[in-house]
Amino acid sequence: MPRILLVILIALAPLAFPSPAPALEPSGQLMVLLDVSGSMAEKDGSGSTRIAAARRAIGGMVDAAPEGAQLGLRSYGGGCKDTKLHLRPSPLDRDAFKRQVSGLRPKGDTPIAYALEQAAEDFTADGQKTILLVSDGEETCGGDPVATARRLAGQGIGVRVDVVGFRVESATRDQLVRIAKAGGGRYADAQNSDELSSRIRRLSQRALRGQTPVGIPVTGTADRGAAPVLKPGDYLDEMPPGQEVKRHYAFDLPAGATAYIGLRIGATTPPGAPTVIGASLGVLPATGDAPCNRRDLETNLPSGGSAFVVGDVQITEGTGPCEAAGRFTIEVTNKADTARQSTAPLELSLVVEPPAVDVAALPAPATGVETIEPQVETAEPARVAGSGSYGDGPVLADGRYTDTVIPGEEIYFRVPLNYGQRLSYRIETPALSEADRAALGGAQLMLSSSILSPENPRVLGGIQDNAWRVPLGDQPQAFTGTTVPVAYRNRESAQGYIRDTTLPGYYNLWVRLFTDQGSSYVEVPITLTVDVQGEPTGVPTYSDTMGYGPPDRQQGLSLTPQARIVTPSPTSSSPPPSPAASSPSPSPAGASSGVLPLLLALSTAALAVVTAFAIWLVRRRRV
């Protein structure tokens, strides 16, 4: 009997306690290409050797890399064809990586061009690929590493070349800078061991965190009539380059419901290359070409780097030009694209919020924003690595955190908010050092920051463009921002930042660093203080005819453990089921939220009964 009970318990446990979603692995692949030519045996200025400083720096990079990071190692030096592959980019084994580095010994010449060609062949998967070239000298074997880097970057295989020059002289620096520029990457100078460690760690972090598209794969169509039908969830598609390229997706909107559609299209361009990326996002009725709602979106990168064009549209059944429940079409159009020559990831999120049946009893909409300093205990900030993407940033609790950004980056951190809660945060940056100001060479360094709602809009009120933007220079800078409390009735406000603080879910802290020209390398530490204020309150009771569940469940969260749902029988105003001829629709977790709670409750109850019986049986046998 005990064995039977154990088998039953094991079988029921996964139902009562569902397995968490698998963690997202870093999307970027990084190949460290390390110079081990004879000059690396020289002193590093601190009494050690350059190769010893490189070993320490790479060891620190390995320790700081996230779990699952795709890291590889190749060295070069000796004869003009001497380059050795030690590890292909693969999930990081820290001990194995350090063992390989510890065995490297300096010798011979510096075949940079040949080593770059070989390193480009070492990648084994699609996605963003970065070669991090670490060198203390220029090419000595007659190759042309600048032409090689340009050819690799232009092959359309996603290879970028970043370069760290270690204690190099002007002629060598000039060649290494040109290699980085030709390879679509960034050059960083290191004059001592500490700077080498910092540069390698920071550029590796940039390569690994990259832009990580998130969502269920889906293929939108150029033909509106053949669009796949989506249920609430997060989706991932691809947007080809070219003006006016369109992608279509369909969804059903029941009576009284509100649909929130969020769009993100990522782009990465070489540092110093001014870029404009844009798109149009609209919702079309079942028939006719007049949009129910449409927004033109644009992001300007004055000095290149990585960014998203983001935006959202909303539509509520029974209002505006699209009054009847039924099927609608999402139309995404590529626009204002001045640099992208390849396919870009397109992330689409859909929330279909059921109507609330107790609106009059819910809190009134906010009337304005009140800036409140975060109320957290002062402590040493914890080091955290922000994500290069909206959908997979680290989730922050109340506290203080620190990260480092370089020009051309934007990073994201997620904070969950429930109804009745607001987010207060403070961002601080130190004054730039004289060396940093010299490295900028006259370029203006700018920092932007804001809070974005679950469907992308900025929700900081009282400031231009709902974002803080400040030039960085010889004075420290600080800013405090606060959202209004999340409330169902915020949709009634005429203020956009209030109206967009309607849904519970992940709110993103967004930080972007950029220059107005050039591709200078500086590292800017930031400190974030995060405080979620207020207790959950004002949770609506939903009338859910489609079984989609409340908004937080549709986003894969469970902020309200006992969401209030009533499920009346579908009426004639509800959209009909999808015809069998429609394109098959993906099935995100949120789409089955009406079934999962029942299974969870039944399995939990069964597990409790079986567990109680097992305990009784054991006690009975002991008597």
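The sections below set out a description of the structure shown in this document. (Residues numbered from 1 in each chain as written. Predicted model: local features only at pLDDT ≥ 70, side-chain atom pairs only at ≥ 80, totals over all residues. Heavy atoms only, no water.)

Attention now moves to the overall build of the protein chain. For the protein chain, the count of helices and strands is eleven helices and 27 strands. Taken over 623 residues, the protein chain has a buried fraction of 53%. Long-range contacts, defined here as pairs at least 24 residues apart, represent 77% of the contacts in the protein chain between residues at least 6 apart. With an accessible surface of roughly 26,500 Å², the protein chain has 53% of that area assigned to carbon and sulfur atoms. (Helix = DSSP H or I, 4+ residues; strand = E, 2+ residues; numbered from the N terminus. Buried < 20%, exposed > 50% of the residue type's maximum accessible area, 1.4 Å probe, protein only. Contact = heavy atoms within 4.5 Å. Areas by Shrake-Rupley, 256 points an atom, 1.4 Å probe, with all protein chains shown as cover.)

Counted according to the given criterion, the structure contains six aromatic pairs. With centroids separated by 5.9 Å and ring planes inclined at 70°, the aromatic side chains of Tyr-390 and Tyr-412 adopt a geometry described as edge-to-face. Here Tyr-412 lies in strand β19 (residues 409-417) and Tyr-390 lies in the loop between β17 (382-383) and β18 (399-405), a separation of 22 residues in the sequence. As far as burial versus exposure is concerned, Tyr-390 and Tyr-412 are alike and both buried. In this structure, Arg-414 packs its charged tip against the face of Tyr-506, placed 4.4 Å from the ring centre. We note Arg-491 situated over the ring of Tyr-488; from NZ or CZ to the ring centre the distance is 3.7 Å. (Phe/Tyr/Trp six-rings, centres within 6.5 Å; stacked < 30°, edge-to-face > 60°. Lys NZ or Arg CZ within 6 Å of the ring centre and 35° of its normal.)

Per the stated rule, a full pass over the model turns up 25 salt bridges. When the shortest N-O distance is used, the salt bridge between Arg-160 and Asp-162 registers 3.9 Å. As far as burial versus exposure is concerned, Arg-160 and Asp-162 are alike and both buried. A single network of salt bridges, built from pairs that share partners, joins Glu-42, Arg-50 and Asp-136. (Salt bridge = Lys/Arg side-chain N within 4 Å of Asp/Glu carboxyl O.)

Bringing the side chain of Glu-317 into the picture now. Structurally, Glu-317 is set in the loop between β14 (305-316) and β15 (326-335). Salt bridges are absent for the buried Glu-317, whose nearest opposite-charge side chain, Arg-491, sits at 11 Å. If we ignore the near neighbours within four places in the chain, the residues touching Glu-317 are Leu-253, Pro-254, Ala-255, Gly-256, Ala-257, Glu-323, Ala-324 and Ala-325. (Lys, Arg positive; Asp, Glu negative; His and termini not counted.)

What follows covers helix α3 (residues 94-102). Listed in full, the buried residues belonging to α3 are Ala-96, Phe-97 and Val-101. Projection of α3 onto a plane perpendicular to its axis shows the buried side chains occupying an angular sector of 135°, all on one side. Among the exposed residues of α3, those oriented more than 90 degrees off its buried face are Asp-95 and Arg-99. Looking at the buried side of α3, the elements it contacts are α2 (50-64), β2 (70-76) and β3 (83-91). Between the side-chain oxygen of the N-cap and the backbone nitrogen of Asp-95 there are 3.3 Å, and the N-cap of α3 in question is Asp-93. (Arc of directions from axis to C-beta. Polar contact = N/O pair within 3.5 Å; in protein donor to acceptor, adjacent residues only side chain to side chain.)

Two elements in contact, helix α5 (residues 145-153) and helix α6 (residues 170-182), have axes separated by 7 Å at closest approach and are oriented at 15°. By the angle class used here, α5 and α6 are roughly parallel. In this structure, the crossing between α5 and α6 has a hand that is right-handed. Residues Pro-145, Val-146, Ala-149, Arg-150 and Ala-153 of α5 pack against Gln-175, Arg-178, Ile-179 and Ala-182 of α6. (Axes fitted to C-alpha atoms, helices over the stretch in contact; angles between N-to-C directions. Parallel < 35°, antiparallel > 145°, perpendicular 65-115°, else oblique. Left-handed = near helix turned anticlockwise from the far one by under 90°.)

If you walk through the whole model with that rule in mind, you get one disulfide. Here Cys-80 connects covalently by a disulfide to Cys-141, the sulfurs 2.1 Å from one another. Measuring the twist about the S-S bond at about -85°, one finds the Cys-80-Cys-141 disulfide to be left-handed. Pair noted here: Cys-80 is in the loop between β2 and β3 and Cys-141 is in the loop between β4 (129-135) and α5, with a separation of 61 residues, a long-range link. (Disulfide = S-S within 2.5 Å.)

What follows concerns the sheet that holds β17. Taken in spatial order, the five strands make up an open sheet running β17-β18-β25-β20-β23, and their pairing is mixed. The strands lining the two open edges of the sheet, one partner per strand, are β17 and β23 (477-482). Inspection of the sheet shows β18 paired to strand β25 (residues 524-533) by seven bridges, in the antiparallel sense. Paired with Thr-402 across the two strands is Thr-527, which belongs to β25. (Pairing = 2+ DSSP bridges.)

A few words on unusual backbone geometry. Here the phi dihedral of Asp-465 falls at roughly 60°; this positive angle occurs in a residue that is not glycine. Checked against the element boundaries, Asp-465 lands in the loop between β21 (445-452) and β22 (468-472). Judged by relative accessible area, Asp-465 falls into the partly exposed class, the value being 46%. Backbone geometry at Asn-466 places phi at a positive 55°, although glycine is not the residue there. Secondary-structure assignment places Asn-466 in the loop between β21 and β22. Overall, the relative accessible area of 24% leaves Asn-466 in the partly exposed class.

Okay, the sheet that holds β21 next. Adjacent strands of a sheet pair through backbone hydrogen bonds, lying either parallel or antiparallel. Read across the open sheet, the four strands follow the order β19-β24-β21-β22; overall the sheet is antiparallel. One side of each edge strand has no neighbouring strand; the edge strands of this open sheet are β19 and β22. Across the sheet, the mean angle separating the axes of adjacent strands is 15° when strand polarity is ignored. Looking at chain direction, β21 and β22 are connected through five bridges and run antiparallel. Looking at the pairing, Ser-448 lines up with Arg-469 of β22.

In an α-helix, one full turn covers 3.6 residues, which means residues spaced three or four apart are oriented alike. The first and last C-alpha atoms of α6 sit 18 Å apart over 13 residues, in line with the 18 Å expected at 1.5 Å per residue. The set of residues buried in α6 consists of Thr-172, Gln-175, Leu-176, Ile-179, Ala-180 and Ala-182. Tucked inside the fold, the buried residues of α6 contact α4 (112-120), β4, α5, β5 (159-166) and β6 (187-190). Gly-184, located one to two residues past α6, shows a positive phi value of around 70°. (Expected span 1.5 Å × (residues − 1).)

To continue, consider the side chain of Asp-552. With respect to the element layout, Asp-552 can be found in helix α10 (residues 551-554). The contacts of Asp-552, once residues within four sequence positions are left out, are Pro-504, Leu-557, Ser-558, Leu-559 and Thr-560.

Time to look at the environment of Glu-523. Within the fold, Glu-523 resides in the loop between β24 (505-515) and β25. With relative accessibility at 17%, the residue Glu-523 sits in the buried group. In this structure Glu-523 touches Ser-198, Arg-199, Arg-202, Thr-404, Val-405, Ile-406 and Asp-436, once residues within four positions along its chain are discounted. A polar side-chain atom of Glu-523 sits 2.6 Å from a polar atom in the side chain of Ser-198. At 2.6 Å, the side chain of Glu-523 forms a polar contact with the side chain of Tyr-521.

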